[in-house]
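What follows is the residue order along each chain.
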Amino acid sequence: MDPPAAKRSRGCPAGPEERDAGAGAVRGRGRPEALLDLSAKRVAETWAFEQVEERFSRVPEPVQKRIVFWSFPRSEREICMYSSLGYQPPEGEHDARVPFTRGLHLLQSGAVDRVLQVGFHLSGNIRELGGPGEPERLYHVSISFDRCKITSVSCGCDNRDLFYCAHVVALSLYRIRHARQVELRLPISETLSQMNRDQLQKFVQYLISAHHTEVLPTAQRLADEILLLGSEINLVHGAPDPTAGAGIEDANCWHLDEEQIQEQVKQLLSNGGYYGASQQLRSMFCKVREMLRMRDSNGARMLILMTEQFLQDPRLALWRQQGAGMTDKCRQLWDELGALWVCVVLSPHCKPEERVSWLQLLGKWDKLDVCPLEEGNYSFDGPSLQPTVALSPELLQKGNTCITNTEGWVGHPLDPIGCLCRALLEACRLEEETLTLYPDSGPEKRKTAYQHVPVPGSPGESYLALALEVALLGLGQQRALPEGLYAQDKVVRSEEQLLSLLEEVELDERLVQVLRKQAGLLLEGGPFSGFGEGLFRESVPMHTCARYLFTALLPHDPDLAYRLALRAMRLPVLETALPAGEAHPNPLDSIMSNRFPRWFILGHLETRQCELASAMLTAAKGDPKWLHAVLGSIQQNIHSPALLFKLAQDACKTATPASAPPDTTLLGIALELGLQVMRMTLNTMTWRRREMVRWLVSCATEIGPQALMNIMQNWYSLFTPVEAATIVAVTGTTHATLSRLQLDAARREELWACARTLALQCAMKDPQNCALPALTLCEKNRAAFEAAYQIVLDAAAGGLGHAHLFPVARYMEQRGLPLRAYKLATLALAQLSIAFNQDSHPAVNDVLWACSLSHSLGRHELSAIVPLIIRSIHCAPMLSDILRRWTLAAPGLGPLGARRATKPLGADRAPLCQLLDAAVAAYIATSHSRLTHISPRHYGDFIEFLGQARETFLLAPDGHLQFAQFLENLKQTYKGKKKLMLLVRERFG
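Fair warning: this is a prediction, and the values are worked out from it, not measured in the lab.

### Describing the overall build of the protein chain
- Per the secondary structure count, the protein chain includes 45 helices and nine strands.
- In the protein chain, which comprises 989 residues, the share counted as buried stands at 48%.
- Accessible area of the protein chain: about 48,300 Å², with a carbon and sulfur share of 54%.

Below you can see the structure in the form of structure tokens.
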């Protein structure tokens, strides 16, 4: 940030006669008097642009001082712009990260001293406290300025950054706020011109003496050249003066450290995968926009430097070699870069020669191999040109069957609509009254204020109205969705950015008239309008634009607002692909991408369609005419059940405010949408179905008992039997539901009867899953309960499995119906089969419960169940467990309450002897089966198994003999397994 070594040459000191003659010539033309009368701002500008070749000394000293005084920048806004990126740091870090704020703090703490202005050069010292335990640090700052712009800076802190350091900021703010306290001197050349020879010699010698170690070699070299008559220095008139400012031919722009900009962009691009790097690059883009807004030529300079670094990004060549596309973050940055170049080249304030040089640069960059191409094909494919309606979601010239201009203006690489709209809005922007360091930060962000600015030569027109017209023209254009994911995403983002600009504009009566006019034109625009009657399959939907127009027009022209929004509800690509009412392959999601491979953003578009519909439903509350019109449009155009369900929920919530009576019409629409979702998703089993069913019952309850009974009576087309029996019937008859409905006894019984009928129908259709819920629901009505029980018996005869029968049997026991429980348990056992090695079968506990139930009923019931146990269970441990349970106590009470037995049953007598024989046989068979493929590591388990078998054998009178014969048989049969037989002998003899 060092200043240039030399400035514009100034004349050598002139003698008194020459000075008088020159001053007289100037005074003769009246120039000094005119300068003295000029305003402070114009003095500096007049000096800069009119003095050009005239010597400063020809102007009277009072005018000289005014020129020097007022040539320093007068606004803190520019200082802020060149000392902060404008991004919002994390909370609490403003002072630590932003040079402008730090510099302001240094100024307020009195850290600035020894400020001296010599001509157009300002210098001073900044004292800054060091860290803990560190001494105070002193920085010397030098600033050169010209025509109200800082042209170079130098600071002892050596802080290399994009913009000015805090010390430069502190000195600049001191000069602006305390200008009268600054010691002011004329340019050094003017001071020297007032000295005679002796004074000049003394001045030079003192200067060399004070800095002889630094300047002595330079002083000697200059002296040698001056004494040499033919030297170059003697051929030049005058001498350079670093404090005298610049002439008209010199560049006049704010100081910008080009090297640092290039270095920082390069570093940020190398970290392009990180969020912070992208954010900082966007902040630099915002800084370019800020410069362009203030007509600062550095905006273009900074953009050129950034573009050059972007083109040197090594990833570009790598992506080109690999045939891969850019990352989304990188492509977004390139988009912003291109948009800025559009602003720069089309700026009305640039000079023709500047525009020519920029175009040459752009052409040069475009020829580079690494320069990225725009993604997207802005033309229709052949098969996609068929309209969605028959052209007579009169309209076309005869024979015209395609869109005349398929290139979309919104989402276009050059962003013509966005650039034009922003330019027009910028012309109408009210200047901010106060300096804002963080324009986008904090919850108190203010809305941008705009005013109508007349268009010269067009009475009645304003730039603000034109901005609105231009935006609506672009947004409402019927255009093809471009190819490629990124290009489609760019269309969406461009729409949202345009609409966010429009939402900042406060609509007055004049703009409302523009809205109404444009909305009417869009409705009548034919094939050129996305709101026209004829819409093509590949056309970009108008949902986002229509939502803005609907909201804006609703207070002023409701009829036009609804007509426009209803027309925009169409989604052509789905209308031509799916018949009305047909569900998606996965109804709870948007259209599968493999079915519509080009429409990568279809899910987003469907969401926007849903938001438009929701806005209309909410606004139409209390207006049956528009509510039914919106309902018809929703049913015709929205094909995603998940979005339909969301609309139903939103409508129900809007219709039932906490502090007002419900809107019955809107509630009915919510219910109708819910019923449509139920029909569309009936054959799709998903976890969301249960949520939907519960919500539908709740919505019907809000409407009244008749709506609730209607969905119960028509459950076949809405719910599965399980949903109807376990959710609809149960939820519809809970205490909370009945209390909310506030029914009398007759109506309550009517609702109960409807629910019982539904439950019985579900039990007949799906007895496996609905029999038990039906019994539970019907238990308070004897006839219905008997009907449900008979359904279970019939289903058991038809193959209802033990897994469903056992729960019903247990339910019967809990309700005090043990005989019915016993009957169902025997039916379940008849269908059960547990193999010899299934001692952990899921039905083990059910079997033990059934045996306990039969034992508690009496000897007759126990005798009847023994054959079923023997036939169904082949697992020896289970059989022996059942046998022991039955021998521990006497059988319980019979069906009439009389005790059938007073003593425990013996295992060797009927009916348990059959079970004992079966258990012994099961142990023998299982032992042989296990020994067939036994390995040594299982020998221990087998010995324990034989121990359990012996206990069962011993329940028989001749159990010892039978077990001994069994062991002997094992020893003979498996005598080859010597180690195992040795273990058998050690344990059992």
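### Let's talk about the sheet that holds strand β6 (residues 183-185)
- Spatial strand order, β5-β4-β3-β2-β6: five strands in an open sheet with mixed pairing. Whereas interior strands pair on both sides, the edge strands pair on one side only; in this sheet they are β5 (149-155) and β6. Strand-to-strand twist across the sheet, computed as the mean angle between neighbouring axes with direction ignored, equals 20°.
- The sheet contact formed by strand β4 (residues 137-146) and β5 spans six bridges and is antiparallel. Residue pairing in the sheet places Val141 in a bridge with Cys155 of β5.

### Some details on the environment of Arg295
- Structurally, Arg295 is set in the loop between α14 (275-293) and α15 (298-311).
- Here the side chain of Arg295 touches His349 through a polar contact of 3.2 Å, side chain to side chain.

### Topic: helix α40 (residues 859-872)
- Under the 1.5 Å per step criterion, the end-to-end length of α40 is 20 Å for 14 residues, consistent within 8% with the ideal 20 Å.
- The principal kink in α40, of about 25°, is found at Ile865, preceding the proline Pro867 by one to four residues.
- Taken together, the buried positions of α40 are Glu861, Leu862, Ile865, Val866, Leu868, Ile869 and Ser872.
- Buried positions along α40 lie against α38 (818-830), α39 (844-857), α41 (876-888) and α42 (912-932).

### A few points about the pattern of salt bridges
- This structure, assessed with the given rule, holds 38 salt bridges.
- The closest approach of N and O atoms between Glu290 and Lys287, which form a salt bridge, is 3.2 Å. Separated by three residues within a single helix, Glu290 and Lys287 lie in helix α14, roughly one turn from each other.
- When the shortest N-O distance is used, the salt bridge between Arg563 and Asp559 registers 3.2 Å. Placement of the pair is Arg563 and Asp559 together in helix α24 (residues 558-568), with a separation of four residues, close to one helical turn.
- Exposure remark for Arg563: the relative accessible area of 42% places this residue in the partly exposed category.
- Looking at Asp559, the relative accessible area reads 37%, which means it is partly exposed.
- Salt bridges sharing common partners tie together Asp335, Asp489, Lys490 and Arg493.

### What to know about the nonpolar core
- Membership of the largest hydrophobic core comes to 185 residues, with the highest contact counts inside it found for Leu617, Ile634, Phe719, Val847, Ile869 and Trp886.
- Counting residues per element, this core draws most heavily on helix α29 (residues 664-680), at 10 residues.
- Among all residues touching Trp886, those that are not within four sequence positions of it are Cys851, Ser854, His855, Leu862, Ile865, Val866, Ile869, Leu912 and Leu915.
- Residues Ile79, Leu107, Tyr164 and Leu333 belong to the second largest nonpolar core, which totals 71 residues.

### Topic: the packing of helix α26 (residues 602-619) against helix α28 (residues 641-655)
- For the pair α26 and α28, interaxial distance at closest approach is 10 Å and the crossing angle is 20°. Classed by the angle they form, the pair α26 and α28 counts as roughly parallel. For the pair α26 and α28, the sense of crossing is right-handed. Contacts between α26 and α28 involve Glu606, Thr607, Cys610, Ala613, Ser614, Leu617 and Thr618 from the former and Leu643, Lys646, Leu647, Asp650, Ala651 and Thr654 from the latter.

### Digging into the side chain of Ser189
- Here Ser189 is to be found in helix α9 (residues 188-193).
- Accessibility expressed as a relative area gives 12% for Ser189, which makes it buried.
- Here the side chain of Ser189 touches Asp241 through a polar contact of 2.7 Å, side chain to side chain.

### Here's the deal with the state of the cysteines
- In total, this model carries zero disulfides according to the counting rule given.
- No disulfide involves Cys762; its nearest neighbouring cysteine sulfur is the one of Cys770, lying 5.1 Å away.
- Residue Cys762 is classed as buried on the basis of its relative accessible area of 0%.

### Details of the pairing of strand β3 (residues 121-128)
- Within β3, seven of the eight residues are buried, leaving the element largely enclosed by the surrounding structure.
- The turn joining strand β2 (residues 112-118) and β3, which pair antiparallel and follow one another in sequence, is formed by two residues; a positive phi near 60° is taken by Gly119.
- Pairing between β3 and β4: eight bridges, direction antiparallel. Pairing of Gly124 across the sheet is with Val141, part of β4.

### A closer look at the packing of aromatic side chains
- Counted according to the given criterion, the structure contains 15 aromatic pairs.
- Measuring from centroid to centroid gives 4.9 Å for Phe72 and Phe145, while their planes differ by 75°, and the two rings are edge-to-face. One end of the pair, Phe72, is in the loop between α4 (61-70) and α5 (76-81); the other, Phe145, is in strand β4, with 73 residues separating them in the sequence. Note on accessibility: Phe72 and Phe145 belong to one class, buried.
- Taking the centre distance of 6.0 Å and the plane angle of 40° together, the rings of Phe285 and Phe310 count as tilted. You can see Phe285 sitting in helix α14 and its partner Phe310 sitting in helix α15, a full 25 residues away along the chain. Phe310 carries the same exposure label as Phe285, and that label is buried.
- Here the aromatic residues Phe953, Phe963, Phe966 and Phe988 are joined through ring pairs into a cluster of three or more.
- Note that Arg331 overlies the ring of Tyr486, its terminal NZ or CZ placed 5.2 Å from the centroid.

### Points about the packing of helix α22 (residues 509-523) against α24
- Two elements in contact, α22 and α24, have axes whose closest approach is 11 Å; the angle formed by their N-to-C orientations is 40°. In this view, α22 runs oblique relative to α24, as classed from their interaxial angle. Crossing geometry of α22 relative to α24 is assigned as left-handed. Along the contact surface, α22 presents Arg516, Ala519 and Leu523, while α24 presents Leu560, Arg563, Leu564 and Arg567.
- Residues that form the contact of α22 with α24 fall into these classes: four nonpolar, no polar and three charged.

### Some thoughts on the environment of Gly408
- Relative to the elements of secondary structure, Gly408 occurs in the loop between α18 (352-366) and α19 (416-427).
- Sequence separation between Gly408 and Val491 is 83 residues, and the spatial gap between their C-alpha atoms is 8.8 Å.

### Some details on a nonpolar patch on the surface
- A grouping of Phe203, Val204 and Leu207 is seen on the molecular surface, where their side chains present a nonpolar patch of about 240 Å² in accessible area.
- Along the chain, Val204 falls in helix α10 (residues 197-210).

### Looking at α15
- Compared with the 20 Å implied by 1.5 Å per residue over 14 residues, the 20 Å span of α15 between its first and last C-alpha is a close match.
- Of all 14 residues making up α15, 12 are buried, and the element is well covered by its neighbours.

What counts and how
Position numbers for residues start from 1 in each chain and track the written sequence from start to end. Per-residue local features of the predicted model are confined to residues with pLDDT of at least 70, and side-chain atom pairs are confined, for both listing and counting, to 80 or more; whole-chain, interface and lining totals are unaffected and use all residues. Excluded from the side-chain calculation are hydrogens and water; included are all heavy atoms of the structure. For helices the rule is a DSSP run of H or I covering at least 4 residues; for strands it is a run of E covering at least 2, with both sets numbered from the N terminus onward. Only protein chains enter the calculation, and the probe is 1.4 Å; a residue is then buried if its accessible area is under 20% of its type maximum, exposed if over 50%, and partly exposed in between. Each accessible area is a Shrake-Rupley result for a 1.4 Å probe, and residues are judged covered by the shown protein chains and nothing else. Two strands pair under a simple rule: DSSP has to find at least two bridges between them. Here, axes are lines fitted to C-alpha atoms. For helices the fit covers the stretch in contact, and angles between N-to-C directions go from 0 to 180 degrees. Polar contacts, as used here, are pairs of N or O atoms within 3.5 Å; protein pairs need one atom able to donate a hydrogen and one able to accept it. Residues neighboring in sequence count only if both atoms are side-chain atoms. To estimate the expected span of a helix, subtract one from its residue number and multiply by 1.5 Å. At every residue, the bend is computed as the angle between two fitted axes, covering the seven residues ending there and the seven beginning there respectively. Here, residues are in contact when the closest pair of their heavy atoms is within 4.5 Å. Definition used for salt bridges: Asp or Glu carboxyl oxygen within 4 Å of a side-chain nitrogen of Lys or Arg. Only buried Ala, Val, Leu, Ile, Met, Phe, Trp, Tyr and Cys residues count toward a nonpolar core, and they belong to the same one when joined by side-chain atoms within 4.5 Å. Roughly parallel means an angle under 35 degrees; roughly antiparallel means over 145; roughly perpendicular covers 65 to 115; every other angle is labelled oblique. Helix crossings get a hand from a simple test, with the near helix turned counterclockwise from the far one by less than a right angle marking a left-handed crossing and a clockwise turn marking a right-handed one. In what follows, a disulfide is any cysteine sulfur pair within 2.5 Å. Between rings of Phe, Tyr and Trp, where Trp is taken as its six-membered ring, a pair exists when centres lie within 6.5 Å; planes separated by under 30 degrees are stacked, by over 60 edge-to-face, and by other angles tilted. Charge-over-ring placement is defined geometrically: NZ (Lys) or CZ (Arg) within 6 Å of the ring centre, and within 35 degrees of the ring normal. Just so you know the grouping, Ala, Val, Leu, Ile, Met, Phe, Trp, Tyr, Cys and Pro go in nonpolar, Asp, Glu, Lys and Arg go in charged, and all remaining residues, Gly too, go in polar. Residues forming no salt bridge and having over 30% relative accessible area are the ones grouped into patches, like charges within 9 Å of each other and nonpolar side chains (Val, Leu, Ile, Met, Phe, Trp, Tyr) within 5 Å.

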